[in-house]
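The lines below spell out each chain.
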Amino acid sequence: MGKQILILGAGFGGLAAATELRKGLGQDHRIIVIDRKKSFMMGLVKLWILEGSRQLEESQTPLDGLNAKGIEYLNDEIIMIDATSKRVQAKDHGWFDYDYLVVALGAELVPDRIPGFVGRGYNLYDAQQVPKLRDMLLKLGRGRVAIAIMGMPYKCPPAPYEASLIIDSVLSRRGIRSSVEIDVYAPAPIALPVAGPQVSANVVEIISQRGIRFHPLHKLKSVADGTLEFENGSKADYDLLVGIPPHRTPEVVRSSRLAEGDWVAVDRNTMKTSFESVFAIGDVTEIKVGASAVPKAGIFAEEQGKVAAGQIIGEIGDRQATTTFAGQGYCFMEVGNGQAGLLAADFFNPAGPQIRLEAPSEQNFQKKQDFERTRVKEWLL
Ligand SMILES: Cc1cc2nc3c(=O)[nH]c(=O)nc-3n(C[C@H](O)[C@H](O)[C@H](O)COP(=O)(O)OP(=O)(O)OC[C@H]3O[C@@H](n4cnc5c(N)ncnc54)[C@H](O)[C@@H]3O)c2cc1C
(Lines give C-alpha, C1' and ligand atoms only; values in the text may rest on other atoms or scores of the structure.)
Protein backbone atom coordinates (compact mmCIF):
# COMPACT_ATOMS: atom_id res chain seq x y z
CA MET A 1 0.00 0.00 0.00
CA GLY A 2 1.19 3.50 -0.83
CA LYS A 3 2.63 5.61 1.97
CA GLN A 4 1.92 9.23 2.79
CA ILE A 5 5.02 11.35 3.38
CA LEU A 6 4.60 14.86 4.71
CA ILE A 7 7.34 17.44 4.36
CA LEU A 8 6.90 20.55 6.47
CA GLY A 9 8.70 23.50 4.90
CA ALA A 10 9.59 24.09 1.26
CA GLY A 11 12.97 25.69 1.83
CA PHE A 12 16.38 24.31 0.96
CA GLY A 13 15.99 21.08 2.93
CA GLY A 14 12.31 20.38 2.22
CA LEU A 15 12.71 20.84 -1.54
CA ALA A 16 15.80 18.62 -1.68
CA ALA A 17 14.03 15.91 0.35
CA ALA A 18 10.87 16.05 -1.79
CA THR A 19 12.87 15.84 -5.04
CA GLU A 20 14.89 12.87 -3.80
CA LEU A 21 11.79 11.07 -2.53
CA ARG A 22 9.98 11.54 -5.84
CA LYS A 23 12.97 10.15 -7.73
CA GLY A 24 13.13 7.10 -5.49
CA LEU A 25 9.47 6.19 -4.91
CA GLY A 26 6.68 4.98 -7.18
CA GLN A 27 3.61 7.13 -7.87
CA ASP A 28 1.53 5.07 -5.42
CA HIS A 29 3.34 6.93 -2.62
CA ARG A 30 2.11 10.48 -1.92
CA ILE A 31 4.61 13.22 -1.18
CA ILE A 32 3.00 16.35 0.25
CA VAL A 33 4.96 19.55 0.91
CA ILE A 34 3.33 22.21 3.09
CA ASP A 35 4.65 25.76 3.37
CA ARG A 36 3.06 29.06 4.32
CA LYS A 37 5.09 30.75 1.58
CA LYS A 38 3.99 30.67 -2.05
CA SER A 39 7.46 30.95 -3.52
CA PHE A 40 11.07 29.98 -2.90
CA MET A 41 14.12 32.21 -2.93
CA MET A 42 17.56 31.12 -1.83
CA GLY A 43 18.95 33.08 1.13
CA LEU A 44 22.09 34.02 -0.77
CA VAL A 45 20.03 36.00 -3.31
CA LYS A 46 19.47 38.64 -0.60
CA LEU A 47 23.12 39.57 -0.99
CA TRP A 48 22.68 40.01 -4.75
CA ILE A 49 19.68 42.27 -4.09
CA LEU A 50 21.84 44.28 -1.69
CA GLU A 51 24.55 44.44 -4.33
CA GLY A 52 22.08 45.54 -7.01
CA SER A 53 22.55 42.73 -9.54
CA ARG A 54 19.14 41.19 -8.70
CA GLN A 55 15.62 42.42 -7.98
CA LEU A 56 13.45 40.74 -5.34
CA GLU A 57 10.50 40.38 -7.75
CA GLU A 58 12.49 38.38 -10.33
CA SER A 59 14.09 36.06 -7.77
CA GLN A 60 11.08 34.22 -6.36
CA THR A 61 10.09 30.91 -7.92
CA PRO A 62 6.48 29.76 -7.34
CA LEU A 63 6.24 26.61 -5.22
CA ASP A 64 3.31 25.27 -7.21
CA GLY A 65 5.96 24.17 -9.73
CA LEU A 66 6.26 21.15 -7.42
CA ASN A 67 2.90 19.80 -8.63
CA ALA A 68 4.20 19.27 -12.18
CA LYS A 69 6.97 17.14 -10.67
CA GLY A 70 4.50 14.79 -9.00
CA ILE A 71 4.88 16.40 -5.56
CA GLU A 72 1.73 17.86 -3.96
CA TYR A 73 2.27 21.40 -2.71
CA LEU A 74 -0.07 22.95 -0.19
CA ASN A 75 0.07 26.59 0.78
CA ASP A 76 -0.80 26.60 4.48
CA GLU A 77 0.60 27.21 7.92
CA ILE A 78 1.43 24.30 10.21
CA ILE A 79 -0.03 24.94 13.65
CA MET A 80 0.45 21.58 15.39
CA ILE A 81 2.64 18.50 15.05
CA ASP A 82 1.32 15.51 16.97
CA ALA A 83 4.13 12.96 16.72
CA THR A 84 2.33 10.55 19.09
CA SER A 85 -0.72 10.20 16.84
CA LYS A 86 1.38 10.67 13.67
CA ARG A 87 -0.56 13.66 12.37
CA VAL A 88 -0.06 17.32 11.61
CA GLN A 89 -2.53 20.20 11.69
CA ALA A 90 -2.54 22.92 9.05
CA LYS A 91 -4.42 26.15 9.72
CA ASP A 92 -6.83 26.04 6.75
CA HIS A 93 -6.68 22.41 5.60
CA GLY A 94 -7.02 20.69 8.98
CA TRP A 95 -5.36 17.42 10.02
CA PHE A 96 -3.06 15.25 7.89
CA ASP A 97 -2.01 11.74 8.84
CA TYR A 98 1.46 10.62 7.85
CA ASP A 99 3.50 7.46 7.56
CA TYR A 100 6.70 9.53 7.51
CA LEU A 101 7.27 13.13 8.50
CA VAL A 102 10.18 15.38 7.51
CA VAL A 103 10.39 18.57 9.58
CA ALA A 104 12.21 21.21 7.53
CA LEU A 105 10.79 24.39 9.06
CA GLY A 106 14.08 26.30 9.30
CA ALA A 107 14.84 28.88 11.97
CA GLU A 108 12.65 31.76 13.12
CA LEU A 109 14.08 35.28 13.37
CA VAL A 110 13.41 37.29 16.52
CA PRO A 111 14.56 40.88 15.85
CA ASP A 112 12.38 42.25 18.68
CA ARG A 113 14.48 40.38 21.23
CA ILE A 114 16.90 43.34 21.08
CA PRO A 115 15.07 46.41 22.43
CA GLY A 116 14.95 49.30 19.98
CA PHE A 117 16.16 47.39 16.90
CA VAL A 118 12.81 47.09 15.10
CA GLY A 119 12.05 50.40 13.38
CA ARG A 120 15.66 51.59 13.58
CA GLY A 121 17.67 48.75 12.03
CA TYR A 122 17.36 46.80 8.76
CA ASN A 123 17.10 43.03 9.02
CA LEU A 124 19.60 41.60 6.52
CA TYR A 125 17.81 38.23 6.61
CA ASP A 126 14.36 39.62 5.72
CA ALA A 127 13.89 39.61 1.93
CA GLN A 128 11.36 42.49 2.12
CA GLN A 129 13.80 44.73 4.00
CA VAL A 130 16.89 44.24 1.82
CA PRO A 131 15.65 46.41 -1.10
CA LYS A 132 14.93 49.21 1.43
CA LEU A 133 18.39 48.75 2.91
CA ARG A 134 19.87 49.10 -0.58
CA ASP A 135 17.86 52.31 -1.14
CA MET A 136 19.29 53.71 2.10
CA LEU A 137 22.82 52.81 0.98
CA LEU A 138 22.23 54.63 -2.28
CA LYS A 139 21.06 57.73 -0.37
CA LEU A 140 23.78 57.72 2.28
CA GLY A 141 26.22 60.61 1.89
CA ARG A 142 28.54 60.08 4.83
CA GLY A 143 28.55 58.53 8.29
CA ARG A 144 28.70 55.10 9.86
CA VAL A 145 27.27 51.78 8.75
CA ALA A 146 27.06 49.27 11.61
CA ILE A 147 26.52 45.56 10.95
CA ALA A 148 25.52 43.73 14.11
CA ILE A 149 25.33 39.96 14.60
CA MET A 150 22.67 39.96 17.30
CA GLY A 151 22.81 36.33 18.47
CA MET A 152 24.38 32.92 17.95
CA PRO A 153 23.88 30.60 16.18
CA TYR A 154 22.70 32.26 12.97
CA LYS A 155 22.38 30.89 9.46
CA CYS A 156 25.19 31.20 6.94
CA PRO A 157 27.96 32.38 9.29
CA PRO A 158 29.95 34.24 6.58
CA ALA A 159 26.89 36.29 5.42
CA PRO A 160 27.44 39.35 7.70
CA TYR A 161 31.03 39.63 6.46
CA GLU A 162 29.90 39.17 2.85
CA ALA A 163 27.35 41.95 3.44
CA SER A 164 30.07 44.26 4.80
CA LEU A 165 32.18 43.70 1.67
CA ILE A 166 29.21 44.20 -0.65
CA ILE A 167 28.30 47.43 1.18
CA ASP A 168 31.93 48.51 0.75
CA SER A 169 31.77 47.87 -3.00
CA VAL A 170 28.38 49.64 -3.39
CA LEU A 171 29.73 52.72 -1.59
CA SER A 172 33.02 52.60 -3.53
CA ARG A 173 31.12 52.51 -6.83
CA ARG A 174 29.22 55.61 -5.67
CA GLY A 175 32.55 57.29 -4.93
CA ILE A 176 31.68 57.99 -1.28
CA ARG A 177 33.44 55.09 0.47
CA SER A 178 36.02 57.38 2.10
CA SER A 179 33.20 59.33 3.80
CA VAL A 180 31.62 56.24 5.37
CA GLU A 181 32.93 53.98 8.14
CA ILE A 182 31.89 50.33 8.21
CA ASP A 183 31.98 48.34 11.46
CA VAL A 184 31.01 44.72 12.12
CA TYR A 185 30.00 43.85 15.70
CA ALA A 186 29.94 40.17 16.74
CA PRO A 187 29.13 38.45 20.04
CA ALA A 188 31.88 35.83 19.61
CA PRO A 189 35.60 36.26 20.29
CA ILE A 190 36.48 35.38 16.66
CA ALA A 191 34.74 36.07 13.35
CA LEU A 192 33.62 32.52 12.51
CA PRO A 193 33.77 30.32 15.62
CA VAL A 194 32.44 27.37 13.62
CA ALA A 195 35.40 27.63 11.21
CA GLY A 196 38.10 28.09 13.85
CA PRO A 197 40.75 30.74 14.55
CA GLN A 198 42.75 30.45 11.31
CA VAL A 199 39.83 30.92 8.91
CA SER A 200 38.43 33.63 11.23
CA ALA A 201 41.73 35.50 11.02
CA ASN A 202 41.65 35.18 7.21
CA VAL A 203 38.14 36.64 7.10
CA VAL A 204 39.13 39.56 9.36
CA GLU A 205 42.14 40.16 7.12
CA ILE A 206 39.94 40.25 4.00
CA ILE A 207 37.55 42.81 5.50
CA SER A 208 40.36 44.86 7.12
CA GLN A 209 42.04 45.24 3.73
CA ARG A 210 38.86 47.02 2.63
CA GLY A 211 38.88 49.30 5.68
CA ILE A 212 36.09 47.44 7.54
CA ARG A 213 36.61 47.19 11.30
CA PHE A 214 35.77 44.01 13.22
CA HIS A 215 34.65 44.21 16.88
CA PRO A 216 34.57 40.79 18.59
CA LEU A 217 32.82 40.25 21.95
CA HIS A 218 30.29 42.98 21.12
CA LYS A 219 26.84 41.50 21.69
CA LEU A 220 24.16 44.07 20.98
CA LYS A 221 22.09 44.88 24.07
CA SER A 222 19.85 47.70 22.85
CA VAL A 223 19.42 50.25 20.09
CA ALA A 224 18.52 53.92 20.45
CA ASP A 225 18.45 56.69 17.82
CA GLY A 226 22.01 56.88 16.51
CA THR A 227 23.51 54.79 19.32
CA LEU A 228 24.16 51.10 19.93
CA GLU A 229 24.73 49.72 23.39
CA PHE A 230 26.58 46.43 23.89
CA GLU A 231 26.51 43.89 26.70
CA ASN A 232 30.20 44.61 27.42
CA GLY A 233 29.18 48.14 28.46
CA SER A 234 30.55 49.95 25.41
CA LYS A 235 28.56 52.17 23.05
CA ALA A 236 28.90 53.07 19.36
CA ASP A 237 27.31 55.58 16.98
CA TYR A 238 25.63 54.59 13.76
CA ASP A 239 23.80 56.22 10.86
CA LEU A 240 22.66 53.03 9.14
CA LEU A 241 22.17 49.82 11.12
CA VAL A 242 22.15 46.37 9.53
CA GLY A 243 21.21 43.51 11.86
CA ILE A 244 21.37 39.75 11.79
CA PRO A 245 18.63 39.01 14.35
CA PRO A 246 18.70 36.25 16.97
CA HIS A 247 17.36 32.91 15.68
CA ARG A 248 15.17 30.34 17.42
CA THR A 249 13.22 27.17 16.66
CA PRO A 250 9.90 27.95 14.93
CA GLU A 251 6.93 28.44 17.26
CA VAL A 252 5.09 25.32 16.07
CA VAL A 253 8.13 23.13 16.78
CA ARG A 254 8.40 24.54 20.30
CA SER A 255 4.69 24.25 21.10
CA SER A 256 4.59 20.70 19.70
CA ARG A 257 7.51 19.78 22.00
CA LEU A 258 9.66 18.43 19.20
CA ALA A 259 12.75 20.32 20.30
CA GLU A 260 14.46 18.85 23.32
CA GLY A 261 16.80 21.80 23.81
CA ASP A 262 16.91 24.94 21.72
CA TRP A 263 16.77 22.97 18.47
CA VAL A 264 15.55 19.55 17.29
CA ALA A 265 17.98 16.75 18.16
CA VAL A 266 18.65 14.16 15.44
CA ASP A 267 20.83 11.15 14.85
CA ARG A 268 23.66 12.76 12.90
CA ASN A 269 23.91 9.87 10.43
CA THR A 270 20.23 9.32 9.60
CA MET A 271 18.47 12.58 10.58
CA LYS A 272 15.97 10.54 12.62
CA THR A 273 14.49 12.25 15.67
CA SER A 274 13.52 10.38 18.83
CA PHE A 275 9.93 10.25 17.51
CA GLU A 276 8.88 7.28 15.38
CA SER A 277 9.05 7.97 11.62
CA VAL A 278 9.90 11.63 12.20
CA PHE A 279 12.99 13.13 10.55
CA ALA A 280 14.27 16.67 10.97
CA ILE A 281 16.67 18.45 8.64
CA GLY A 282 18.35 21.79 8.13
CA ASP A 283 18.29 24.89 10.29
CA VAL A 284 15.68 23.51 12.70
CA THR A 285 18.21 20.91 13.90
CA GLU A 286 21.37 21.07 15.90
CA ILE A 287 24.15 18.56 15.30
CA LYS A 288 26.87 19.03 17.88
CA VAL A 289 30.49 18.65 16.84
CA GLY A 290 32.67 19.02 19.93
CA ALA A 291 31.97 22.42 21.45
CA SER A 292 30.51 23.64 18.16
CA ALA A 293 27.73 22.47 15.82
CA VAL A 294 27.22 21.94 12.10
CA PRO A 295 26.39 25.45 10.82
CA LYS A 296 22.95 26.43 9.68
CA ALA A 297 23.47 26.51 5.92
CA GLY A 298 21.53 25.47 2.85
CA ILE A 299 24.21 23.09 1.65
CA PHE A 300 23.82 21.03 4.84
CA ALA A 301 20.01 21.28 4.80
CA GLU A 302 20.08 19.95 1.25
CA GLU A 303 22.39 17.06 2.09
CA GLN A 304 20.36 16.18 5.16
CA GLY A 305 17.16 16.29 3.07
CA LYS A 306 18.66 13.75 0.68
CA VAL A 307 19.74 11.56 3.60
CA ALA A 308 16.27 11.62 5.24
CA ALA A 309 14.75 10.78 1.84
CA GLY A 310 17.21 7.92 1.36
CA GLN A 311 16.34 6.55 4.79
CA ILE A 312 12.59 6.69 4.06
CA ILE A 313 13.00 5.10 0.62
CA GLY A 314 15.07 2.34 2.27
CA GLU A 315 12.45 1.68 4.96
CA ILE A 316 9.60 1.62 2.47
CA GLY A 317 11.54 -0.74 0.22
CA ASP A 318 12.41 -2.89 3.24
CA ARG A 319 16.14 -2.52 2.78
CA GLN A 320 18.94 -0.82 4.65
CA ALA A 321 19.58 2.75 3.48
CA THR A 322 23.20 3.37 2.57
CA THR A 323 23.10 7.19 2.46
CA THR A 324 24.18 8.86 5.67
CA PHE A 325 25.07 12.48 6.46
CA ALA A 326 28.83 12.94 6.13
CA GLY A 327 29.05 16.44 7.66
CA GLN A 328 30.77 17.81 4.56
CA GLY A 329 29.85 20.92 2.63
CA TYR A 330 31.03 24.15 1.13
CA CYS A 331 29.85 27.70 0.90
CA PHE A 332 30.83 30.65 -1.25
CA MET A 333 31.94 33.78 0.53
CA GLU A 334 31.16 36.76 -1.66
CA VAL A 335 33.55 39.68 -1.45
CA GLY A 336 31.85 42.09 -3.89
CA ASN A 337 32.99 43.16 -7.36
CA GLY A 338 31.99 39.81 -8.89
CA GLN A 339 34.32 37.66 -6.78
CA ALA A 340 33.78 34.97 -4.15
CA GLY A 341 35.96 32.83 -1.89
CA LEU A 342 35.06 29.24 -1.06
CA LEU A 343 34.80 27.77 2.43
CA ALA A 344 35.10 23.98 2.34
CA ALA A 345 34.21 22.06 5.52
CA ASP A 346 34.52 18.51 6.80
CA PHE A 347 32.89 18.51 10.23
CA PHE A 348 33.02 14.80 11.08
CA ASN A 349 36.71 14.34 10.23
CA PRO A 350 38.25 12.01 12.87
CA ALA A 351 41.00 14.60 13.44
CA GLY A 352 38.33 17.23 14.26
CA PRO A 353 36.49 19.66 11.98
CA GLN A 354 38.59 20.73 8.98
CA ILE A 355 37.69 24.03 7.33
CA ARG A 356 39.65 25.89 4.70
CA LEU A 357 39.07 29.15 2.85
CA GLU A 358 39.94 29.35 -0.85
CA ALA A 359 40.98 32.80 -2.08
CA PRO A 360 38.31 34.92 -3.81
CA SER A 361 38.05 34.50 -7.58
CA GLU A 362 35.66 35.21 -10.43
CA GLN A 363 35.36 31.43 -11.02
CA ASN A 364 33.98 30.90 -7.51
CA PHE A 365 31.47 33.70 -8.05
CA GLN A 366 30.40 31.98 -11.26
CA LYS A 367 30.03 28.70 -9.34
CA LYS A 368 27.87 30.49 -6.76
CA GLN A 369 25.51 31.65 -9.49
CA ASP A 370 25.37 28.12 -10.95
CA PHE A 371 24.71 26.79 -7.43
CA GLU A 372 21.44 28.71 -7.31
CA ARG A 373 20.42 28.20 -10.93
CA THR A 374 20.84 24.42 -11.03
CA ARG A 375 18.98 23.80 -7.77
CA VAL A 376 16.00 26.02 -8.54
CA LYS A 377 15.74 24.30 -11.95
CA GLU A 378 15.92 20.80 -10.47
CA TRP A 379 13.46 21.49 -7.65
CA LEU A 380 10.85 23.75 -9.20
CA LEU A 381 11.11 24.39 -12.95
C1 LIG B 1 21.76 36.30 3.50
C2 LIG B 1 21.86 34.80 3.51
C3 LIG B 1 22.83 34.18 2.73
C4 LIG B 1 22.96 32.80 2.73
N5 LIG B 1 23.91 32.21 1.94
C6 LIG B 1 24.04 30.87 1.93
C7 LIG B 1 25.02 30.24 1.10
O8 LIG B 1 25.76 30.90 0.37
N9 LIG B 1 25.12 28.88 1.16
C10 LIG B 1 24.33 28.13 1.96
O11 LIG B 1 24.46 26.90 1.96
N12 LIG B 1 23.40 28.70 2.77
C13 LIG B 1 23.24 30.03 2.77
N14 LIG B 1 22.29 30.62 3.58
C15 LIG B 1 21.58 29.82 4.58
C16 LIG B 1 20.39 29.07 4.00
O17 LIG B 1 19.51 29.95 3.35
C18 LIG B 1 19.66 28.34 5.13
O19 LIG B 1 20.55 27.67 5.94
C20 LIG B 1 18.69 27.33 4.50
O21 LIG B 1 17.65 28.03 3.84
C22 LIG B 1 18.12 26.37 5.53
O23 LIG B 1 17.22 25.51 4.91
P24 LIG B 1 15.98 24.89 5.70
O25 LIG B 1 15.28 24.03 4.73
O26 LIG B 1 16.43 24.33 6.98
O27 LIG B 1 15.08 26.17 6.08
P28 LIG B 1 14.45 27.26 5.15
O29 LIG B 1 15.10 27.29 3.82
O30 LIG B 1 14.44 28.51 5.96
O31 LIG B 1 12.95 26.77 4.94
C32 LIG B 1 12.01 26.69 5.96
C33 LIG B 1 10.63 26.82 5.36
O34 LIG B 1 9.65 26.53 6.38
C35 LIG B 1 8.56 27.39 6.20
N36 LIG B 1 7.84 27.49 7.48
C37 LIG B 1 8.33 27.82 8.69
N38 LIG B 1 7.37 27.73 9.63
C39 LIG B 1 6.25 27.33 9.00
C40 LIG B 1 4.93 27.02 9.45
N41 LIG B 1 4.57 27.11 10.72
N42 LIG B 1 4.03 26.61 8.53
C43 LIG B 1 4.36 26.52 7.20
N44 LIG B 1 5.60 26.78 6.74
C45 LIG B 1 6.53 27.18 7.62
C46 LIG B 1 9.17 28.70 5.75
O47 LIG B 1 8.21 29.50 5.08
C48 LIG B 1 10.33 28.23 4.87
O49 LIG B 1 9.96 28.20 3.49
C50 LIG B 1 22.10 32.02 3.55
C51 LIG B 1 21.11 32.63 4.32
C52 LIG B 1 20.98 34.01 4.28
C53 LIG B 1 19.88 34.65 5.10
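Scroll up a little and you will see the structure.
Remember, it's a predicted structure, so these values are computed and weren't measured experimentally.

*Asks:* So what exactly am I meant to see when it comes to the site of the ligand here?
*Replies:* Of all residues adjacent to the ligand, which total 27 residues, the nearest are G13, D35, I78, D283 and I299. Taking I78, its main chain carries an N or O atom lying 2.9 Å from a nitrogen atom of the ligand. Contact distances for the ligand include 3.4 Å between an oxygen atom and a backbone N or O atom of A297. Listed by contribution, the elements that provide at least two residues to the shell around the ligand are α1 (12–24) and α7 (298–316). In terms of residue count, α7 provides more of the shell around the ligand than any other element does, three residues in total. In terms of residue class, the shell around the ligand is built from eleven nonpolar, seven polar and nine charged.

*Asks:* Explain a nonpolar patch on the surface to me, please; I cannot follow it from the model alone.
*Replies:* The grouping of I79, M80 and W95 at the surface amounts to a nonpolar patch, some 250 Å² of accessible area in total. Tracing the backbone through its elements, the reader meets M80 in strand β6 (residues 78–82).

*Asks:* What exactly am I supposed to notice about the sheet that holds β6 here?
*Replies:* Hydrogen bonds between backbone groups are what pair the strands of a sheet, and the pairing can be parallel or antiparallel. Here we have three strands laid out as an open sheet, ordered β6-β7-β8, and antiparallel in their pairing. The open sheet has two free edges, formed respectively by β6 and β8 (94–97), since each of these has just one partner strand. With direction set aside, neighbouring strand axes in the sheet form an average angle of 20°. Relative to β8, strand β7 (residues 87–90) runs antiparallel, the two sharing four bridges. Note that in β8 the partner of Q89 across the bridge is W95.

*Asks:* Looking at this structure, how should I read α7?
*Replies:* A turn of α-helix holds 3.6 residues, and therefore any two residues three or four places apart point the same way. With 19 residues, α7 extends 27 Å between its outermost C-alpha atoms, agreeing within 8% with the 27 Å of an ideal straight helix rising 1.5 Å per residue. Counting buried positions along α7 gives 14 out of 19 residues, so the element sits mostly inside the fold. A positive phi of about 60° marks D318, the residue just after α7.

*Asks:* How do you make sense of the state of the cysteines when you look at a structure like this?
*Replies:* Here, disulfide denotes a covalent bond that connects the sulfur atoms of two cysteines. One pass over the full model with this rule turns up zero disulfides. Here C331 stays unpaired: no disulfide links it, and the sulfur of C156, its closest cysteine neighbor, is 4.4 Å away. When its relative accessible area of 18% is taken as the criterion, C331 is described as buried.

What counts and what doesn't
- Residues numbered from 1 in each chain as written.
- Predicted model: local features only at pLDDT ≥ 70, side-chain atom pairs only at ≥ 80, totals over all residues.
- Heavy atoms only, no water.
- Near = heavy atom within 4 Å.
- Polar contact = N/O pair within 3.5 Å; in protein donor to acceptor, adjacent residues only side chain to side chain.
- Helix = DSSP H or I, 4+ residues; strand = E, 2+ residues; numbered from the N terminus.
- Nonpolar A, V, L, I, M, F, W, Y, C, P; charged D, E, K, R; others polar.
- Patch = residues over 30% accessible without salt bridge, like charges linked within 9 Å, V, L, I, M, F, W, Y side chains within 5 Å.
- Areas by Shrake-Rupley, 256 points an atom, 1.4 Å probe, with all protein chains shown as cover.
- Salt bridge = Lys/Arg side-chain N within 4 Å of Asp/Glu carboxyl O.
- Pairing = 2+ DSSP bridges.
- Axes fitted to C-alpha atoms, helices over the stretch in contact; angles between N-to-C directions.
- Expected span 1.5 Å × (residues − 1).
- Buried < 20%, exposed > 50% of the residue type's maximum accessible area, 1.4 Å probe, protein only.
- Disulfide = S-S within 2.5 Å.

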